[in-house]
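Observations on the three-dimensional arrangement
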Amino acid sequence: MCKTKEILNLLQGCKNMKKLLKIHAQVILNGYQDHPNITHKLLNFCAVSNSGNLPYAIILFQHIKNPQTPAWNSIIRGYSQSPFPLESLFYYNQMMFQSLVFPDNFTFTFLLKACEKVKKLERKCCEVHASIIRRGYIEDVVVCTNLVRSYARNELINAAQRVFDEMPVRDLVCWNSMIACYSQAGLHDEALKFYGRMRVSNVGLDAFTLVSLLSSCAHVGALKFGFQIHKFVDEYGFLEDVFVNNALIDMYAKCGSLDWACWVFHRMLKRDVSTWNCMIVGLGVHGQGDEAISFFEQMLQAGFHPNSITFLGLLCGCSHQGLIEEGFKYFQMMNSKFGLQPGIKHFGCMVDMFGRAGKLEKALDIIQNSPSQDDPVLWRTLLGACKIHKNVEIGEVAMKKLVDLRGLDAGDCVLLAGIYAEAKDHQGVSRMRKMIKTQGIKTTQGWSWIEVDDTVHKFVVDDKSHHDTDEIYMKLMEIIHRATLVGYVEEKTSGSSDSLSEECSGKSGSYHSEKLAIAFGLARTPEGTSLQIVKNLRVCKDCHSFTKFVSKAFRREIIVRDRVRFHHFKDGACSCKDYW
DNA sequence: TTAGGGTTAG
């Protein structure tokens, strides 16, 4: 065999840098440094392969006299998948200004990968888009799919959609990418609607489609849509796909159907860490800490190594169920047994756990001993606990800290106003009201979603924008009347913190979004079925009590997912046992 | 002589 062929064969089977260095030595000894094929194979291995070495690739590249497009592509690709994707752009610029070669479809694909990884590159995306048009690659489906993803990752979803719409040919990957872009941008309604377009385009679907759609269903609580997708999983034969099954578990858990989540879990023949995490997190947000612990122990027995998400689910469950000793034990175990550094979210769970249980000094101690004691989120959590336990003293400490950290938001003022109101400190309440007004602190708009007839209906406080608004308000009056007959008394808003609630700051006598969603749901769904509502804020005291009485008066199960957990209302009681 | 997609948290 001739020497070049022998070296090329060796490179073909090369698995690691140690072997590559030996081959490189052979290349030099035989005088093949300038052999184009050999040089490119060497370069590509170092730059791109997992066991390569990017700095070594750069040295090789610098020794190439007139690097051609594939050589530039290797370096641009190598950096795009490294922790330094910005370097890809640097080499692309060098390629454009210093050499006489031109970028091709591969160059753009790798370059766009780098743009996708680095945020805040909106301008760069536009520039690359212009170059793609100039060089005649705008009809290349792979290049355009990457362009769509780069725009979307840089928060230019409309530009991404335009590129998609103007593509002459779209394949399945391209459709999947567009759905994933919407889903990952948090535009879940759009992702689900977009699937309607995909269905009529006859490109079919695969596991990637299903996973993105299930993720969006999970986020908006679209159980019926999710159930339809479950049918596709069976029909199209994705029963063995771990990703699809994990997404199904997550969807069922987030849509309030823990039984179905368990059913999918037990059916799986192969599981991974995410499978266990989806179950543990699902149980955690339902307040089933003991069950979450049981799954965690089974996970360890099955030989899986937990990660930081596992502990978030576990701690969240302990916090919602008031399992203080267990929660603290697992929090400490994170580092001592599994070498995992608790993050801000884990500290948040601990503050929430101690705070909710009334151990406010301990919660304060956790914050002060955490590495993130200057994070407003932890102080806000403490403030929330002070509201529950009517503690003005620590509440004011937390509020002062939030002011110092300039992290104050309207919700904080509402919480402290609530604490003052409970303590009958009317001056305090009006001070908070004034603060929101004069400092122009922004309130968070409250939303509630409900899925009826395969459509997600969204409501805000006092919403009158819905097509059937008259019917909804009529139904709401009837519901209030029937709830009152079984004992519901509206929590007075005047002079209390609720007149400053997160949802309708400054207003009283309004109808929170979930009341409208409940009215719509009861008007449009058959008797005996349960209602699923998703809310972006925490449910307020009045709405919590209202929903309990509605569940009794109408004999309907109402499942509300609020910002932090699930509430299952049935026969006048809630699964959180009023501990939330 | 090289190319594009998915889950849990945030």
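Because the structure is predicted, anything quoted here is derived from the model rather than measured.

Before going further, it helps to spend a moment on the domain arrangement of chain A. Per the domain assignment, the segments making up chain A are domain 1 (343-442) and domain 2 (448-574). For domain 1 and domain 2, the distance between their C-alpha centres works out to 27 Å.

With respect to the helices and strands, aspartate 104 occurs in the loop between α6 (86-98) and α7 (105-117). No salt bridge is formed by the buried aspartate 104; its nearest oppositely charged neighbour, arginine 135, is found at 10 Å. Among residues more than four places away in sequence, those in contact with aspartate 104 are Thr69, Asn73 and Tyr137.

Let us look at a positive patch on the surface. On the surface, Lys15, Lys18, Lys19 and Lys22 cluster together to form a positively charged patch. Counting through the fold element by element, lysine 22 comes out in helix α2 (residues 17-29). The exposure class assigned to lysine 22 is exposed, which follows from its relative accessible area of 60%.

This brings us to the UniProt feature "repeat: PPR" (unreviewed entry) in chain A. UniProt records the feature "repeat: PPR" (unreviewed entry) at residues 171-205, 241-271 and 272-306, using the numbering of this structure. As annotated, residues 171-205 comprises 74% helix and 0% strand, and the C-alpha atoms at either end are separated by 10 Å. The span residues 241-271 is 74% helical and 0% strand by assignment, and the distance between its end C-alpha atoms comes to 10 Å.

This part is about the protein's contact with DNA strand B. Around DNA strand B sit 45 residues in total, of which Thr145, Asp171, Asn176, Asp206 and Lys345 are the nearest. Counting only atoms of DNA strand B within 4 Å of the protein, the sugar-phosphate share comes to 47%. In the environment of DNA strand B, a base nitrogen lies 2.5 Å from a nitrogen or oxygen atom belonging to the side chain of aspartate 206. Serine 215 has a polar side-chain atom sitting 3.3 Å from a phosphate oxygen of DNA strand B. Partitioning the surface near DNA strand B into residue classes produces 17 nonpolar, 16 polar and 12 charged.

Let's shift gears to the sheet that holds strand β6 (residues 573-574). Judged by pairing direction, the sheet is mixed, and its six strands sit side by side in the order β2-β1-β3-β4-β5-β6 without closing on themselves. If you trace the sheet from one side to the other, it starts and ends with β2 (455-459) and β6, each paired once. Two strands pair when backbone bridges link them, and strand β1 (residues 448-452) and strand β3 (residues 531-535) are joined in this way by three bridges, in the antiparallel orientation. Bridged to tryptophan 449 within β3 is valine 534. Set on the sheet, helix α29 (residues 541-553) makes contact with β4 (558-561), β5 (566-570) and β6; between it and β5 the angle comes to about 40°.

The end-to-end C-alpha distance of helix α24 (residues 392-404), which contains 13 residues, comes to 18 Å, matching closely the 18 Å that a straight helix rising 1.5 Å per residue would cover. Where α24 is concerned, the buried positions are Ile394, Gly395, Ala398, Met399 and Leu402. The buried residues of α24 occupy an angular sector of 140° when projected down its axis, which confines them to one face. Residues of α24 that are exposed and point over 90 degrees away from its buried face: Glu393 and Lys400. Residue asparagine 391 occupies the N-cap position of α24, its side-chain oxygen lying 3.1 Å from the main-chain nitrogen of glutamate 393. Positive backbone phi, at 55°, marks arginine 406, one or two positions downstream of α24.

Turning our eyes to something else, we now look at the packing of aromatic side chains. Remark: the centre distance and the inter-plane angle together describe each pair of aromatic rings, the angle taken between the planes. Here the structure, examined in full by the defined rule, presents 31 aromatic pairs. With a centroid separation of 5.8 Å and 65° between ring planes, the pair formed by phenylalanine 328 and phenylalanine 354 is classed as edge-to-face. Placement of the pair is phenylalanine 328 in helix α20 (residues 324-336) and phenylalanine 354 in helix α21 (residues 344-356), with a sequence separation of 26 residues. For phenylalanine 354, a relative accessible area of 4% gives the class buried. Aromatic side chains tyrosine 488 and phenylalanine 549 sit 6.3 Å apart centroid to centroid with 50° between the ring planes, which places their arrangement in the tilted category.

This part covers a negative patch on the surface. Among the surface-exposed residues, Asp290, Glu291, Glu325 and Glu326 lie close enough to one another that they form a single negatively charged patch. Taken together, the elements giving at least two residues each to the negative patch come down to α18 (289-301) and α20.

Here we come to the pairing of β2. Remark: a regular strand shows side chains that alternate across the two faces of the sheet. Both β1 and β2 contribute to a ladder of five bridges, which runs antiparallel. Bridge pairing links isoleucine 450 to histidine 457 in β2. Once β1 ends, the chain turns through two residues before running back antiparallel as β2, passing aspartate 453 with a positive phi of about 50°.

Calculation notes
Residues numbered from 1 in each chain as written. Chains lettered and ligands numbered in written order. Predicted model: local features only at pLDDT ≥ 70, side-chain atom pairs only at ≥ 80, totals over all residues. Heavy atoms only, no water. Domains from an automatic or database assignment. Helix = DSSP H or I, 4+ residues; strand = E, 2+ residues; numbered from the N terminus. Buried < 20%, exposed > 50% of the residue type's maximum accessible area, 1.4 Å probe, protein only. Lys, Arg positive; Asp, Glu negative; His and termini not counted. Salt bridge = Lys/Arg side-chain N within 4 Å of Asp/Glu carboxyl O. Contact = heavy atoms within 4.5 Å. Patch = residues over 30% accessible without salt bridge, like charges linked within 9 Å, V, L, I, M, F, W, Y side chains within 5 Å. Areas by Shrake-Rupley, 256 points an atom, 1.4 Å probe, with all protein chains shown as cover. Charge placed at Lys NZ, Arg CZ, Asp CG, Glu CD. UniProt positions renumbered as here; feature names shortened; annotations may be inferred. Near = heavy atom within 4 Å. Polar contact = N/O pair within 3.5 Å; in protein donor to acceptor, adjacent residues only side chain to side chain. Nonpolar A, V, L, I, M, F, W, Y, C, P; charged D, E, K, R; others polar. Pairing = 2+ DSSP bridges. Axes fitted to C-alpha atoms, helices over the stretch in contact; angles between N-to-C directions. Expected span 1.5 Å × (residues − 1). Arc of directions from axis to C-beta. Phe/Tyr/Trp six-rings, centres within 6.5 Å; stacked < 30°, edge-to-face > 60°.

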